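Residues per chain, in single letters:
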Amino acid sequence: MKIKTLRIQNFRSVSDLTLELGSLSALIGPNSVGKSNILKAIDLVLGEGWTTKAKVARGLFGDPSKRIIIDVTFQEPIQYVNRAGYQVSVTSVRLTMAIEPELDVKTTINGGQTFYGQDEFKRNCHFIYIPSERNLARELTVSHWSMLGKLMRLVYENYVSSYQGGEQALKDEFSKKIGPAKEFLENDFSGDQVTYKKFVGTFQKYCQENSAGLANEFNPVLNIYNLNWFYKTLQINIKEDYPDRHFDSEEVGAGMQNLLLISIFQTYAELMGGKVIFGLEEPEIYLYPQAQRALYKNLIRLADNTQIIYSTHNPNFVDAGRPQDILSLRKDVQKGTYILQKDPRFSPSEAVKSWHRIYTNFNPERNEVFFARKVLLVEGESDKILFTTLCESKWDIDLDKNGISIIECGGKGGIVYFLGVCKLLGCDEYFAVWDKDGGLDNPSLLEDALTNKKGLELEPDLEGALGLPSGNDSEKVKNAYGWASDTEKTVPDTLEIVRQFLTSNHAIDDQSVRAPIEEEDIPF
């Protein structure tokens, strides 16, 4: 059970957006680009309960005079038997909402059919949304709305269905088995201290006094267990080896609680695979780097049976070797939230062929190419420290605030590789700086960058252009930093084009024409 296509119209920042979703889909892009809005849109259609008029608010509409339309199309039909006993096959679900001229909400299936048997549908297809603001207290308790509660309810129902004699026989047997433990805990162990037995007796006495005049007898029964749902009293405790202590889950820190929540999510995904779709915001929250990498590997594994759509700002949660997962989002005033159109050759098959090049060229730092608003590609560490320091000390450019990444590409060949990556991603906000020294067998992407004012070639190299002494790599870094931070040094006009790129709102030359990508240019 997986979503194939999602189309969202007039919902918050999304004017009109269509996404093709795979088993694992990573929504990436700058803050406020609309990643959460995509997950919230799915939640409105497939999440807990159904969207009613009570859930409609003006803030949901990009344009209040128009309808919100959210279309979900499945890879395979969702089939179930409704309460009337009829077989139902759902290939798509549409939610429409309006606030003008009057409030209106409607959910239909298969191109406009009335949706009957919605509860049965949700048992076979439901969406669980885990926002970045984790509701840890809710998810770590057993309730009808928590993942833990849903699992425990399923365990109970499975137990009832498999127990000879049915539910009442199971309850009777449970009462008999729990009897000794109940007597032990309810023992009136003291004549003058408060005990459970005294509490029950006193409580029931006042209930009877306060119910005087009621038509029916009011006699509450108190149990240390839930006879109607055995597992409702499940508690998660944390054990520390040193010192040897146990803690309730709500007593530990937010980091540990989030680890428990992620573990519940993984458990739910594995046991309920095929009947649930997960929307997960920022899985990296509270996790240290090793745990982030481990979780990402688990997401890939779980996606074999469970569709997972997540948003992230963390390079540990994308893999250039899985280009099919990456959905790069942007936003502007005219289009709202939109997706960068990847070149078809940015594909799993090409990634498999060139896995060794991907492994060699990509690392978590270089993965920032997928997240940055703008990318400045440079050859080595001395180039990176030079432009980083110029931005801080002379150009008054806050790289982090403006979502700019300076990526060290490992030489001129790496520059060519990442120019190809930017083109395949559909990203146009890039600029490259490289040395003229040394030739390449295929310089067409460098020539294209120069033609479109997206590249700068330093002659003969960085040190020669700035009059710096040569040396080993560490000496070059030291010299570049010293030059850039020296207040008496004047930045040459040659580098002005780099500053313009970093400070402009859009590409320098809107009339630039992107050259086609030749086969030999494809980095994947």
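Up top you'll find the structure we're talking about.
Now for a look at the structure at hand. What you are looking at is a predicted structure, and each value in this text was computed from that prediction instead of being measured. (Residues numbered from 1 in each chain as written. Predicted model: local features only at pLDDT ≥ 70, side-chain atom pairs only at ≥ 80, totals over all residues. Heavy atoms only, no water.)

Concerning the packing of helix α4 (residues 147–162) against helix α5 (residues 166–185)
Then step 1. Orientation of α4 relative to α5, taken along the N-to-C sense of each, is 105°, at an axis distance of 8 Å. Between α4 and α5, the angle is such that the two are roughly perpendicular. Across the interface between the two elements, Tyr156, Tyr159 and Val160 from α4 touch Gly166, Glu167, Leu170 and Lys171 from α5.
Then step 2. A breakdown of the residues in the contact of α4 with α5 according to their chemical character gives four nonpolar, one polar and two charged. (Axes fitted to C-alpha atoms, helices over the stretch in contact; angles between N-to-C directions. Helix = DSSP H or I, 4+ residues; strand = E, 2+ residues; numbered from the N terminus. Parallel < 35°, antiparallel > 145°, perpendicular 65-115°, else oblique. Contact = heavy atoms within 4.5 Å. Nonpolar A, V, L, I, M, F, W, Y, C, P; charged D, E, K, R; others polar.)

Thoughts on the layout of surface pockets
The probe, sized like a water molecule, is rolled over the atoms to show the empty space still left.
Then step 1. By volume, the second largest pocket is sized at about 680 Å³.
Then step 2. Taken together, 19 residues form the lining of the second largest pocket, with Asp119, Lys122, Arg123, His144 and Lys150 sitting closest to its centre.
Then step 3. Every element with two or more residues in the lining of the second largest pocket is listed here: α2 (118–124), β8 (126–130) and α4.
Then step 4. Per-element tally for the lining of the second largest pocket: the top contributor is α4, with five residues.
Then step 5. Across the lining of the second largest pocket, the residue classes break down as six nonpolar, five polar and eight charged. (1 Å grid on protein atoms, 1.4 Å probe; cavity = no way out; pocket = protein on both sides within 12 Å on 5 of 7 lines; lining within 4 Å. Points joined across faces, edges and corners; volume = space filled by probe spheres on them.)

So, the environment of isoleucine 309
Then step 1. Looking at the element boundaries, isoleucine 309 is found in strand β12 (residues 307–311).
Then step 2. When its relative accessible area of 0% is taken as the criterion, isoleucine 309 is described as buried.
Then step 3. Considering only alpha carbons, one finds isoleucine 309 and tryptophan 483, 174 residues apart in sequence, at a separation of 46 Å.
Then step 4. Among residues more than four places away in sequence, those in contact with isoleucine 309 are Leu21, Ser25, Leu27, Leu39, Ile42, Ile277, Phe278, Gly279 and Leu280. (Buried < 20%, exposed > 50% of the residue type's maximum accessible area, 1.4 Å probe, protein only.)

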